[in-house]
Structures are given as C-alpha cells and as structure tokens.
Amino acid sequence: MPEYHQNPETLHIGTLPPRAYFIPFADVQGAMAGVRDASDRMTLLNGQWDFAYFPSYAAMPDTVEYTQTIPVPSVWQMHGYDRHQYSNVKYPFPYDPPFGPTDNPVGAYRRKLTWQKAEGKRYQLHFEGVDSCLYLYINGTFVGFSQVSHSTSAFDVTDVLVDGENTLEVHVLKWCFGSYLEDQDKFRMSGIFRDVYLLERPAAGVEDLFVRTELGEDQATVSVSLTMPDGAPDPILSLYSPQGQLLGQQAASQSTSFIVEQPALWTAETPQLYALLVQTDDEVIGQKVGLREICVKDGVVLLNDTPIKFRGVNRHDSDPVTGYTISPQQLVRDLTVMKRHNINAIRTSHYPNAPWMPELCDRYGFYVIAESDIESHGTVMLYPEQPMPMERLKKTFSIVPSTPMFYPAILDRVQRNVHRDQNHACVVMWSLGNEAGYGPGFEEAARWLKAYDPTRLCHYEGMFYALEGSDTTLPDVISRMYPSTREIEAYFEQKQDTRPLVLCEYIHAMGNGPGDVQDYQTLIDRYPGFCGGFVWEFCDHAVLLGTTPEGKPKYGYGGDFGEYPHDGNFCVDGLTYPDRTPHTGLLEYKNVIRPLRAALVSTEPAVVRLTNHMDFLIADTYSSLRYELVCNGIVTEEGALDMPPIPPHGSADLQLPVQLPETGAVLLNLIYLSKTEQALVPAGHALGFDQLSLREERVLPPCTPLPGASITLEETKTHYRIAGDSFTYSVSKNSGLFDSMEAGGTALLTAPMDYNIWRAPTDNDSIILPAWTMAGYDRAQIRTSDWTAEAGETSVTLRYQAVLAAAYRQWIVRMQAELTVDASGETSLRLSVKRNEEMPFLPRFGVRMQMPKACDRGEYYGYGPTESYCDKHFGTKRGLYHTTAADNHEDYIMPQENGSHYMCDFVKVTTAQGMGLCVQADAPFSMNLSPYTQETLWETAHNVDLPNSDCTVLCADYKMSGVGSNSCGPELLKPYRLDETAFAFTLRMHPIL
C-alpha cells in the first residue's frame, strides 16, 4: 500500500492546480442567479456512502469489505467511529516528522456512480475538505493523493470514468505529514467533511480567473486575468451593475479591464456587488465583484481611502452535532448572530472556512482575514516544556518554518488559500497561518503572496516569534495576541514600528467573560493606527452528548471521551453557547462596539453629543433613536427623537425634550435602533444603547419596620440571642454573624451566615487560581475575639475583632466589626477591614446568606438584567429589576461564578408571598442571587450535573473582583482587583413580612 501520506515530497499526486472557487453554469440566467446546486454542470455526490473503519492503516486489507454506511459530508467521530479528542497545543501523536503514529485510523469510503460522458468534455472531481488526507481510486485504478484538510483537492477523472456504472473509493487517514501543520485549537475530527462533486467542463475552457479592482477619482477599474489552454477561443466578458444593468462587454483571451464611472463601492457597511460573467460556447462562469481598495497609508489601514476599524471575531467551521461539517444555512445563522451584535469582521481561524463562506461575506458585508491551513503550535511542548525563556521559545516555536522539509507544504497551503478566495471583496487580508513561529518557510510564502496579490494586506502574528536575522518587514500589519492595554499604549507612544496594529486574538471570551472589552475599545478609538481586533472566539466548541430528561443539552469537552492528551474545557471559549445562544459576553461586546455613542454635554437642558462610529454610513440613514427618562428605576418619560445626519466619524449635539423630576436618581437611556430592514437585521432591531446619569442619588426601597418596641439580649458561651417582639436572632461567637434569623415565625436562614472571600473560579481565573488556593482563600476560617456587648432599650450592639486565615497560612483579612440590631429587627454590620498585602488580590469580600429555597424572588436596583461586574457591565443598564434565583443563574457549560450584579443600591429576596430579607449598604455593592453555593459550582464539572438546590444563596459583597480575560489574555487590570489595603463596609439587613 502506498505511503505518500508520510512523504513530504508528495503533497499531491494527480491533482489539478489550485484555482479560484467557481461553479460553471449552462446559461447567463443561471450564472447571474448563482445558485450553485442549480447548475447542471455540477453533480453533487453527497449522500450515503458505503463505509468501513479500520483502527490502523497498516491493518487495512487490500480488498475492503464495506458493511456500513456514512453520510458524506460528515466526520466519522460523529457517527460512532474512533473517538473525539480536543487538544489545543499538544500534538495528539509523537513529534516525529514526517511520520504519523503507528495506529493511524482509516475510513474507507465507496460510492457507485452511473455516468455518461459527453463528447469533448472534461470531468473534474472536487473534494472541498478531507481531514487529513485522501487516496482516490476509480474503478480500481489509483487516481491520486492529496493532503490539505481545509482546501479543495480536485482531480481530472475524465480518462478513468466509464460510461455506465463507476466505483469511487476514497481512503481517508486520520493523520499524515500534513497533520504537523494542522495543530489548530480544535476537536480533532476526521473524514470527508465538505462537499464532493463532479464538474463538467469544456476541454478548452477557462481554467482560472483573477479579478482585481483599483479606484480612481470617481471611477474604478476592474481588471480580469484569465488562465486558459493554448488555442482556446476567447470568452466574452460582461460586467453588470448591482442593479443588473450591463456596463460593458468584450472578448479577451488572457486579460482585460472595465472602467466603471461613479462606482458604488463595496464596504462591510455597504456591500454593493457588481456581476462579472465569463461566457464561452460551453459554459458561463459568474463572479460577484466588490469595488474596493485596501491599503496602509501613514500607518493607518484604509478602505477606499477611509480609515476602518475591525470589530471582529475568530470563527471555526463547527457545530455540536455536525462537527466540521456545516451548511450554508448554518453559516448564515452565524452571520446573522454576528450582524445583530455589530460584528463586522471575521478571521477564519485557523484555516480556510467552507469555500462559499466568502461569497456570503461579500453579500452580507463582513471584512475577512483569510487564514491558511497552517498551525504547528505543538512544537512549543517539545521537551523541556514551558515555561521557556523567550529566546528558547522563539527557537522551539519556529522549528517547523525553519526546517526545509516543511517549506513546500507551507507555500502550497498559502497558495491554495489565496487562489481559492482571490476574487472576493470581503477578503482584505491574507493570513499566512497561525501560531507556527517564523522562519524561511514563511518568508518564502510571504514573498510569493505579496508578488502574486499586492492588492491586499499580508498578516501573520507568528512574526512576533521571529528569530534574529529573519525578514520581519514582509507583513503589512503588526499582529498581536492578547497584549495588555499597557503594551498597546507603549506601541503607539514609543513608535518603534510604524505599521498598523491589529489584535488577531484578544479579550478571550471563555466562560464568564470577557471583562475588559471597553478598555481595549477605548484604545482602538484613540489611536488611528489601531485598526481593531478579533475576539477569541465566536462560539463554544463542544460535542452534543444528548439531553437530560428535562430536555437540557449535555455537552462534552476535552477529557469526556477518555482521550489523551486533551485540554479540558479550553474549547468552550466563545461568545455564544454551542447552539449560538449568546453569552452575556456577546451582549457586552455588542454594546461596546455599538455604532453610535453619546456623551452628556449639559443636564438642564439635557443636551447630549452623539458620535457616529460607522466608517461609511451617515447616522440617520441606518439608525433611529428613542429615549427613556428613568427616575428611581421607573420610566417616567419616553419617546422617539430625530436622529441628526451625523457623518461617519462625526459628532452632533442634540437637545432632549425632557423635564427632570425634582428628586430621585435620574437616568437617561438612549436606544439606537436599525432604521430599515437590512440583510440579516430587521427594522427596529436594537443596535445598542447609552445610559447617562442626569442626577446621582441612592435608590432605597420602602421598607415597613417590623412591629416592636423592645429588644432583649441573652449571652451563652457560644452565642448571643437577640429577640424583639417580631424576631429572634442568634449570633455565633465563632463566626461573628447570624447562625439563625427568624422573623414573624419564619426562618430566614437555612445555614449559618458567613464571611465570604471566595468565588467559584471562572475560566478567566485559571491563572490566578493557584495563587488564591495557595493563600487559602478557598478554605479560609474565621476567628473572633475581644467581644463586647451593649444592650439598650431599643437596640443591641456587639463589637468584636475577627481574622480570616487558612490552615498553615498567615492571616488574610483582619476586621473590626460592629453589629447592631434594633427593635424592628433591622441589623447594621459595620466593618473596618485590613487586607494582608503579601497575599494576592481577593476574589471578593462580603457576606453570604443561605436562605430557604422558597425565598427565590429577587428585586434589586443595580446593573442588569444580565450579570454584571466592575469590568463587565457595559451591556447592562442600571435600573430596577425583578428576577428569580434560577433565572439569575447563567448556565455555563463548566459551572463557575455567575449572576453577580454590579453597583446595587439594594436587593430584596422574598418568597412568592413577599416574606424575606432586604439588604442595603452604605455605598453601592455587588449582589448575587443563586440556587447554588460557590462550592457546588466549583465541584461540578458540567452544568447538567449540578444537583438540585435546597436553598437560595444571597451574596452581598463590598466588591467583587472583575472577570477579565486571563484564561488566555493578560492579567486582570489593577482597577478591577480587590486589592485595597484597607476599606470600610456597612451592610444593613431588614426582615420583610
């Protein structure tokens, strides 16, 4: 059996040269419509294929017996063969190029095809995606071999097809030499995962076409280069306007051009498309053309001579049910979510997405960084493992692009990426690959790219790891992953490089996050040379394992399939859940990148300054405007406003017809809505909002005091018992807090109240977590001392000292506490707190109350309605909200801290009948209402395994540290850490009957 898959000199055998992606049609009407599957020149071979699976290529017999079937396209792990494996960096096999592992699974595919060849036609068999490589046999004859998972492999099969029945056999290996270049952060899946089809082509037809556009003053030039066999007749080229008007027609054999007067330019905001037809006697090829020009001038990225900003995401082809196999409908679903959340750019991480993806991005308006199918991140795990000094890391990272064996494969993958998508306006940058270091292999590929297509920008983040002596001038932009805001400021202030900066990955969206979106956006808006960023990443990657009896989906991540090595839930790192339900992080990102922003100019009269952050659209052409005047959480006035005609990047002042109430906290909400229906976005869709404070006042709930005029105090060795006419409280001398609280005969606590510095670690806490647990934050114990008691006729005051510390560790927090209870049952806990500066910042500081499960109704005034934190509240508004413990829980696939609310003035937690507790503080505080304790969340690996709760957990925190994006990004910014040396906190609690 052949072993081409382990030979770096045999990347492809029998394949056609790479070319631009197109499907020919029989007539002009079909080509203009561009419905691929309607072309009679394409025979789609998707469907049920015969299938046989073998755990090892060496064990596969010469004659395969096919006893199963499998759908094509699909990945075989989704159909019960092999097993899923998620690995981020580590190669799932020994590093021994060009060889793969001994046990190299094989999927053998077979399909019968009845065919009748036409005179003078050629037949091309196209595989749009096969992981990892394929051997093709037709009627028992070896036709060819190809290895590049995410690009098209095409074969001319004219001479091996026979009239009548044909047998196609495809042997697909899980691993090959190319797998060393496909170490992307993803589930490892295998098979024929994209479409397979036959194209009928003329013997002397168009082999390739390359369309380029150039802008002049009030006109554009459309240049077309054709590749055709010698002696082929000249095709007729026609160019049509976006409205279908014929603008020009001419015959050409190799190259030609069209001049377009007063062109309608393509941008992501205005995706105008012309139509180019290339017509011969035998077929018509249609190509949509966007007239646009991308360049760098004075360190700024310009599209059509206008500065642009990327508000982007990284995106894999992925689905929890179909894996790598996606349909146009699935992609449109993704694009719809993006468009409705103000996202305008996509990086095809870390390989070419489906070949029709750029067509949809052209149509709907998205900028694309088109990435080649290259990543060799696994070399950084070669012995010795990290941490490595930077110079050693650069050398290890760059092994592959510095090893001649890999040079041809690197160049081949870059070329295939470029050739396939070269005619799409949406593609504004070519990316050489991802996380593969830098060396001669990439330098050669970059030189070819810039010579072949100088009309686009060249991107490669791996240049950051360039070895000394490398040519680092080739990329047109400086690309970084996860730099801190300080590094970005230094880049622009020190001006060590004049190229634009793009963050190809930033604000890692794993779990409860990202938490520092606004900080980065502030810098994107500040520096003209900062052209934006791409969030890692769009969606959670997980495998649907079924549903619970209640219909809740069960998702599997790394380690759930018995695989080794794996990287746990690091694949569950998106802005949406696997089913594309938005995370709260996507709501945050959406509003931070909203197209309009408002700043308060004056309060009376209420004047705001609106700024249009779109790059090409005038504000009143795309957005309408509504306002709400909110007093103490209640909307007192609302209405529509005329949106001024603000030019792109411009501002205008607007006076609002509002009258401020005489008292109360007054907020102005400005809501931006889509003015008309656009592709993927309906009219009236919320584009974002601003909330401006017209008057700052505390919002406190009306609380009816419990009846009672007297109070008593009893002391035992372990407790203080405080009783009034309507309540009885027990204060533990061990904890300094209430062991029990009873009001009106109703128990308000199901467990002793405790001081709280711990939270269920978020994914973004993963880097600081070892320091937290080393300090003992997760197991801190309380010790109290120096108790004094003072009983009056209408109140009781207890004072004590307290220390929080963990076994075998020194003190974490020291406190002076004063607990006062009055005859109405209202309590006041005044704390003077000192934090040990030798220890890391605290996750939180506050008090935790476990209340009866029936006390599950919450009312609060703070940032909501979704979770909010000090660094993640720009997608929420301050207001008066009602919720339940269950509804307030954000159900992350891996349970973690969730559902907190920032800047609360009060929270009331009651039963359905209104009995419960009201909590306030002397300053806005953070509040969390949950069905689960943080211990339960921390100890549970999957959300479907969370046990039924027997209580409602209310946490009232002086502060909750921010969530950041440190699971892969920089450490949490200092302003968002609870690292104050000393602070005071007063908490008030009042029973409600």
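Here the structure is a predicted model, which means the values were calculated and not measured.

Moving on to the overall build of the protein. Looking only at helices and strands, one finds 13 helices and 59 strands in the protein. Compactness check: the protein gives a C-alpha radius of gyration of 32 Å against a globular reference of 30 Å for 993 residues, within 12% of the reference. Principal axes of the C-alpha set define a box for the protein whose edges measure 110 × 70 × 55 Å. Per element, the accessible surface of the protein, about 36100 Å² overall, is 49% carbon and sulfur. The distance from the centre of the 77 positive side-chain charges to the centre of the 124 negative ones in the protein is 3 Å.

With that out of the way, let us pick up the sheet that holds strand β23 (residues 294-297). The strand order across the open sheet built from 3 strands is β23-β24-β25, with neighbouring strands paired in antiparallel fashion. The sheet is open, and its two borders are formed by β23 and β25 (306-307), each paired with just one other strand. Bridge count between strand β24 (residues 300-303) and β25: 2 bridges; the pairing is antiparallel. Among the inter-strand pairings, Leu303 is bridged to a residue of β25, identified as Thr306.

Turning next to the packing of aromatic side chains. Enumeration over the complete set of coordinates arrives at 53 aromatic pairs. Consider the rings of Phe51 and Tyr109, whose centres lie 5.0 Å apart with planes at 70°: the pair is edge-to-face. Taken together, the residues span a long stretch of sequence, with Phe51 in strand β3 (residues 47-54) and Tyr109 in strand β6 (residues 106-115) at a distance of 58 residues. Exposure remark for Tyr109: the relative accessible area of 0% places this residue in the buried category.

So, about the packing of helix α8 (residues 517-526) against helix α9 (residues 584-592). Between α8 and α9, the shortest axis-to-axis distance is 10 Å and the interhelical angle comes to 25°. Considering their axes alone, α8 and α9 lie roughly parallel with respect to each other. Like other packed secondary-structure pairs, α8 and α9 cross with a definite hand, here right-handed. The segment α8 lies against α9, with Val517, Gln518 and Gln521 engaging Glu588, Tyr589 and Val592. Taken together, the residues that form the contact of α8 with α9 break down as 3 nonpolar, 2 polar and 1 charged.

Okay, the packing of helix α2 (residues 328-339) against helix α3 (residues 357-364) next. Two elements in contact, α2 and α3, have axes separated by 11 Å at closest approach and are oriented at 40°. As α2 packs across α3, the resulting crossing turns out to be right-handed. Contacts between α2 and α3 involve Pro328, Leu331, Val332, Leu335 and Lys339 on the former and, on the latter, Met357, Leu360, Cys361 and Tyr364. Partitioning the contact of α2 with α3 into residue classes produces 8 nonpolar, no polar and 1 charged.

Counting residues in each nonpolar core, the largest one holds 95 residues, and the members touching the most others are Phe310, Leu335, Tyr367, Phe530 and Tyr589. At 5 residues, helix α5 (residues 407-421) tops the list of elements feeding residues into this core. In this view, Leu335 contacts Ile346, Leu360, Cys361, Tyr364, Phe366 and Leu680; residues no more than four positions away in its chain are not counted. If you look at the next biggest cluster of nonpolar residues, it comprises 69 residues, including Phe727, Leu819, Met839 and Ala921.

What follows deals with the layout of surface pockets. In this approach the atoms are scanned with a rolling probe the size of a water molecule, which exposes any empty space left behind. In this structure, the largest pocket spans a volume of roughly 1200 Å³. Along the walls of the largest pocket sit 47 residues, with Asn88, Phe570, Ser967, Cys968 and Gly969 positioned nearest its centre. Of all the secondary structure elements, the ones that give two or more residues to the lining of the largest pocket are α4 (390-397), β31 (478-481) and α13 (934-939). Sorting elements by how many residues they give to the lining of the largest pocket places α4 first, with 3 residues. In terms of residue class, the lining of the largest pocket is built from 24 nonpolar, 14 polar and 9 charged. The volume enclosed by the second largest pocket comes to roughly 880 Å³. Around the second largest pocket sit 35 residues that line it, and Gly34, Val35, Arg36, Glu359 and Arg363 are the ones nearest its centre. Of all the elements in the fold, those that place two or more residues in the lining of the second largest pocket are α1 (28-33), β21 (274-279), β22 (284-289), α2 and α3.

To continue, consider α3. Summarising burial for α3: 6 of the 8 residues are buried, a large majority. Met357, Pro358, Leu360, Cys361, Asp362 and Tyr364 are the residues of α3 that are buried. On its buried face, α3 is in contact with α2, β27 (345-347), β28 (367-371) and α5.

With that settled, the discussion passes to the environment of Leu713. Within the secondary structure, Leu713 is located in strand β43 (residues 711-715). Assessed through its relative accessible area of 27%, Leu713 is described here as partly exposed. A C-alpha to C-alpha distance of 9.9 Å links Leu713 and Ser730, two positions 17 residues apart in sequence. Setting aside chain neighbours within four positions, we find Leu713 in contact with Tyr720, Arg721, Ile722, Ala789, Ala791 and Val796.

Under the defined criterion, the tally for this structure stands at 55 salt bridges. Across the salt bridge formed by Arg122 and Asp159, the nearest N and O atoms sit 3.9 Å from each other. In this pair, Arg122 is assigned in strand β7 (residues 121-127) and Asp159 in the loop between β11 (153-156) and β12 (164-173), connecting sequence segments 37 residues apart. Asp131 is the partner of Lys186 in a salt bridge, and the nearest nitrogen-oxygen pair spans 4.0 Å. Remark: Asp131 occurs in strand β8 (residues 130-131) and Lys186 occurs in strand β13 (residues 186-187); sequence separation between them is 55 residues. Take Lys186 and Asp131: they sit in the same class, and that class is buried. In this structure, a network of salt bridges that share partners links the residues Arg194, Arg315, Asp317, Asp319, Arg333, Asp334 and Arg580.

As a further point, take the sheet that holds strand β18 (residues 236-240). Spatially, β19-β18-β21-β22 is the arrangement adopted by the 4 strands of the open sheet, whose pairing is antiparallel. The open sheet has two edge strands, β19 (246-251) and β22, and neither has a second partner. Ignoring which end each strand starts from, the neighbouring axes of this sheet average 15° apart. Sheet topology note: the β18/β21 ladder contains 5 bridges and is antiparallel.

Buried residues dominate α9, accounting for 8 of its 9 residues. Among all positions in α9, only Thr584, Gly585, Leu586, Glu588, Tyr589, Lys590, Asn591 and Val592 are buried.

In this structure, Asp540 sits in the loop between β33 (530-535) and β34 (543-547). In this structure the side chain of Asp540 is engaged in a polar contact, spanning 3.2 Å, whose partner is the backbone nitrogen of Asp573. When neighbours within four sequence positions are excluded, Asp540 is seen to be in contact with Cys571, Val572, Asp573, Gly574, Thr576, Tyr577, Pro578, His583 and Ile893.

Conventions adopted
Residues numbered from 1 in each chain as written. Predicted model: local features only at pLDDT ≥ 70, side-chain atom pairs only at ≥ 80, totals over all residues. Heavy atoms only, no water. Helix = DSSP H or I, 4+ residues; strand = E, 2+ residues; numbered from the N terminus. Rg over C-alpha atoms; globule rule 2.2 N^0.38 Å. Areas by Shrake-Rupley, 256 points an atom, 1.4 Å probe, with all protein chains shown as cover. Lys, Arg positive; Asp, Glu negative; His and termini not counted. Charge placed at Lys NZ, Arg CZ, Asp CG, Glu CD. Pairing = 2+ DSSP bridges. Phe/Tyr/Trp six-rings, centres within 6.5 Å; stacked < 30°, edge-to-face > 60°. Buried < 20%, exposed > 50% of the residue type's maximum accessible area, 1.4 Å probe, protein only. Axes fitted to C-alpha atoms, helices over the stretch in contact; angles between N-to-C directions. Parallel < 35°, antiparallel > 145°, perpendicular 65-115°, else oblique. Left-handed = near helix turned anticlockwise from the far one by under 90°. Contact = heavy atoms within 4.5 Å. Nonpolar A, V, L, I, M, F, W, Y, C, P; charged D, E, K, R; others polar. Core = buried A, V, L, I, M, F, W, Y, C linked by side-chain atoms within 4.5 Å. 1 Å grid on protein atoms, 1.4 Å probe; cavity = no way out; pocket = protein on both sides within 12 Å on 5 of 7 lines; lining within 4 Å. Points joined across faces, edges and corners; volume = space filled by probe spheres on them. Salt bridge = Lys/Arg side-chain N within 4 Å of Asp/Glu carboxyl O. Polar contact = N/O pair within 3.5 Å; in protein donor to acceptor, adjacent residues only side chain to side chain.

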